[in-house]
Amino acid sequence: MLEAANSSFDWLPALDPPRVFIPLGAAKVSAGFPSPAADYEDKRLDINEYLIRNPVSTFFFPVQGDSMQGAEIFDGDILVVDRSIKAMHGHIVIAFVDGERLVKRLHHRDSRVALVAENPAYPTIDIRGDMELVIWGVVIGKFKRLG
């Protein structure tokens, strides 16, 4: 019933991506009241190193829909998915249920396996014995463009 997928997919992994170092400010950005922080850069950030732990098993998926808004995953976001991580209870996963690709939170306790939406408008999908479930990978991050 609950298995890991071994098939290839249409989104290619990030194999040996070029390194692009972007300035990373030394001081944190205040989301509340302004802080009299230093106005200089301290080190550089490579977005690949930050998000991608295992390039061979990392894939990107665009999100369509609003079922995961409670987990801050919105329509149009790009998910970063790692197939090398073993899916555990509470992880957000890419799963196939009877061939349909979904992004949901994995509930796996005792004998109950379910995929849970993070939007009350969507029902929980309880996996029954007659259903095929393939956990394809674990979501480890996302990209979002503003504006």
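Structure: above.
Now for a description of the structure that goes with this document. Each residue is numbered by its place in its chain's sequence as written, counting from 1. Predicted model: local features are reported for residues with pLDDT of at least 70 only, side-chain atom pairs are reported and counted for 80 or more only, and whole-chain, interface and lining totals are derived from all residues. Each side-chain value is derived from all of the structure's non-hydrogen atoms; neither hydrogens nor water enter the calculation.

**Looking at the packing of aromatic side chains**
Thought 1: Each Phe, Tyr or Trp ring, with Trp reduced to its six-membered ring, pairs with another whose centre is within 6.5 Å; inter-plane angles below 30 degrees give stacked pairs, above 60 give edge-to-face pairs, and intermediate values give tilted ones. Applying the stated criterion across every chain, the model contains three aromatic pairs.
Thought 2: With a centroid separation of 6.0 Å and an interplanar angle of 50°, the aromatic rings of F60 and F143 are classed as tilted. Taken together, the residues span a long stretch of sequence, with F60 in strand β4 (residues 58-62) and F143 in strand β10 (residues 133-143) at a distance of 83 residues.
Thought 3: Three or more aromatic residues joined by ring pairs form one cluster here, namely F59, F61 and W136.
Thought 4: We count a charge as sitting over a ring when the NZ of a lysine or the CZ of an arginine lies within 6 Å of the ring centre and within 35 degrees of the ring normal. The aromatic ring of W136 is capped on one face by R83, whose charged end is 4.1 Å from the ring centroid. Helix and strand labels come from DSSP, where a helix needs a run of H or I of at least four residues and a strand needs a run of E of at least two; each type is numbered from the N terminus.

**Brief notes about the side chain of N119**
Thought 1: Assignment of secondary structure puts N119 in the loop between β8 (112-116) and β9 (125-126).
Thought 2: Think of it in three bands: with a 1.4 Å probe and only protein chains considered, a residue is buried below 20% of the maximum accessible area for its type, exposed above 50%, and partly exposed in between. Residue classification places N119 among the buried positions, given a relative accessible area of 13%.

**Overview of the layout of surface pockets**
Thought 1: Space inside and on the surface of the protein is sampled on a 1 Å grid over the protein atoms alone, with a cavity defined as a set of points where a 1.4 Å probe fits but cannot get out and a pocket as an open set with protein on both sides within 12 Å along at least 5 of 7 lines; lining residues have an atom within 4 Å of a point. Grid points are joined across faces, edges and corners, and a volume is the space filled by probe spheres set on the points. In this model, the largest pocket occupies a volume close to 360 Å³.
Thought 2: Where the lining of the largest pocket is concerned, the elements lending two or more residues are β4 and β7 (100-109).
Thought 3: In this count, Pro and Cys sit with the nonpolar residues alongside Ala, Val, Leu, Ile, Met, Phe, Trp and Tyr, while Asp, Glu, Lys and Arg are called charged and the others, Gly among them, polar. Residues belonging to the lining of the largest pocket are distributed by class as follows: 11 nonpolar, three polar and three charged.

**Brief notes about the pairing of β4**
Thought 1: For β4, the tally of buried residues reaches four of five residues, placing the bulk of the element in the interior.
Thought 2: Pairing between β4 and strand β5 (residues 78-82): five bridges, direction antiparallel. Within β5, the residue paired with F60 across the bridge is V80. Two strands qualify as a pair provided that DSSP identifies no fewer than 2 bridges between them.

Purely geometric stuff here, so don't read any function into it on its own.
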